[in-house]
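Each chain, written out:
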Amino acid sequence: MRRSEIRKLGRVKKDVLFTVQEGTEYEFDIPLNAVNEMKAFLSGVSSSGQSPQLLAEAIAEKVINTLDSLRNRTSEMVNMVADVTGIRFPHVLQKYVEFYILTVLHPAYYAVHESTTKR
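Computed from a prediction, not measured in an experiment: that's the story for all the values here. (Residues numbered from 1 in each chain as written. Predicted model: local features only at pLDDT ≥ 70, side-chain atom pairs only at ≥ 80, totals over all residues. Heavy atoms only, no water.)

> Got a minute to help me understand the overall build of the chain in this structure?
Broken down by element type, the chain carries six helices and zero strands. Reading the secondary structure of the chain in the N-to-C direction produces α-α-α-α-α-α. Scored against the burial criterion, the 119 residues of the chain give a buried share of 18%. A sequence separation of at least 24 residues applies to 70% of the contacts in the chain between residues at least 6 apart. Counting only carbon and sulfur atoms, one obtains 57% of the accessible surface of the chain, whose full area is about 9700 Å². (Helix = DSSP H or I, 4+ residues; strand = E, 2+ residues; numbered from the N terminus. Buried < 20%, exposed > 50% of the residue type's maximum accessible area, 1.4 Å probe, protein only. Contact = heavy atoms within 4.5 Å. Areas by Shrake-Rupley, 256 points an atom, 1.4 Å probe, with all protein chains shown as cover.)

> Can you walk me through the nonpolar core in this structure?
Among the nonpolar cores identified, the biggest contains 13 residues, and M38, I59, V63, L67, Y96 and F99 are the most heavily contacted of them. Among the elements of the structure, α2 (32–46), α3 (52–69) and α5 (91–104) are those that each provide at least two residues to this core. Setting aside anything within four residues of it in sequence, one finds Y96 in contact with V63, I64, L67 and D68. (Core = buried A, V, L, I, M, F, W, Y, C linked by side-chain atoms within 4.5 Å.)

> Would you mind showing me how to read the packing of α2 against α5 here?
Helix-helix packing is described using two parameters, namely the angle between the two axes and the distance between the axes. Between α2 and α5, the least distance of the axes is 9 Å, while the angle of their chain directions is 75°. Taken together, the axes of α2 and α5 are roughly perpendicular relative to one another. On the side of α2, the interface is formed by A34, V35, M38, K39 and L42, while α5 contributes F99, Y100, L102, T103 and V104. (Axes fitted to C-alpha atoms, helices over the stretch in contact; angles between N-to-C directions. Parallel < 35°, antiparallel > 145°, perpendicular 65-115°, else oblique.)

> Looking at this model, I keep getting lost on α2. Mind explaining?
Every α-helix carries 3.6 residues per turn, so stepping three or four residues along brings you back to the same face. Helix length check: α2 (15 residues) gives 21 Å between terminal C-alpha atoms against 21 Å at 1.5 Å per residue, within 8%. Residues of α2 that are buried include every one of A34, V35, M38, L42 and V45, and no others. Summarising the axial view, the buried residues of α2 lie within an arc of 100°, below the 170-degree limit, and thus occupy one face. Summarising the geometry of α2, the exposed residues directed more than 90 degrees from the buried face are L32 and N33. Elements that come into contact with the buried residues of α2 comprise α3 and α5. (Expected span 1.5 Å × (residues − 1). Arc of directions from axis to C-beta.)

> Before we go on, may I ask you to explain the packing of aromatic side chains in this structure?
As enumerated under the stated definition, the model contains zero aromatic pairs in all. For K62, the ring lying beneath its charged end belongs to F41, and the centroid distance is 5.7 Å. (Phe/Tyr/Trp six-rings, centres within 6.5 Å; stacked < 30°, edge-to-face > 60°. Lys NZ or Arg CZ within 6 Å of the ring centre and 35° of its normal.)

> Whenever I open this one, the packing of helix α4 (residues 73–85) against α5 confuses me. Can you help?
Contact pair α4 / α5: the axes reach a minimum separation of 9 Å and the direction vectors enclose 160°. Relative to α5, the element α4 is oriented roughly antiparallel. Once α4 is placed against α5, the crossing between them reads as left-handed. Contacts between α4 and α5 involve S75, V78, N79 and A82 from the former and H91, V92 and K95 from the latter. (Left-handed = near helix turned anticlockwise from the far one by under 90°.)

> Could you clarify how one ought to interpret the side chain of T103 in this entry?
On the secondary structure map, T103 appears in helix α5. According to the relative accessible area criterion, T103 is buried, its value standing at 3%. Excluding anything up to four places from it in sequence, T103 contacts V35, M38, K39 and L42.

> Would you take a moment to explain α5 for this structure?
Over its 14 residues, α5 runs 20 Å from end to end, which matches the ideal 20 Å to within 8%, given 1.5 Å per residue. Taken together, the buried residues of α5 touch α2, α3 and α4.

Worth remembering: the numbers are spatial, not functional.
Structure representation (structure tokens):
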């Protein structure tokens, strides 16, 4: 690849930039009620005696339906970038996996206790 071609690839295309609308507040976190709803579903489905295959399918379907019904900025941006770039893997899948992990683990495992650049 020539140097001029590389420079052209690195340039920002003004027509595909995402802009933030003035005065709009965005929610980046997953709502606590969605996490609690998922936890309640998991406790009910785990005692149902289903086969592992059916259990996995039910959980996956619930995760997908729950996240798709939510409208938060993180999910919105993941989908928007995937639509523009055509690259859906691994970002879209990661969104669902992270939601499942957050509902299964206790908050002490993933809570930020300290964030500093001094250490």
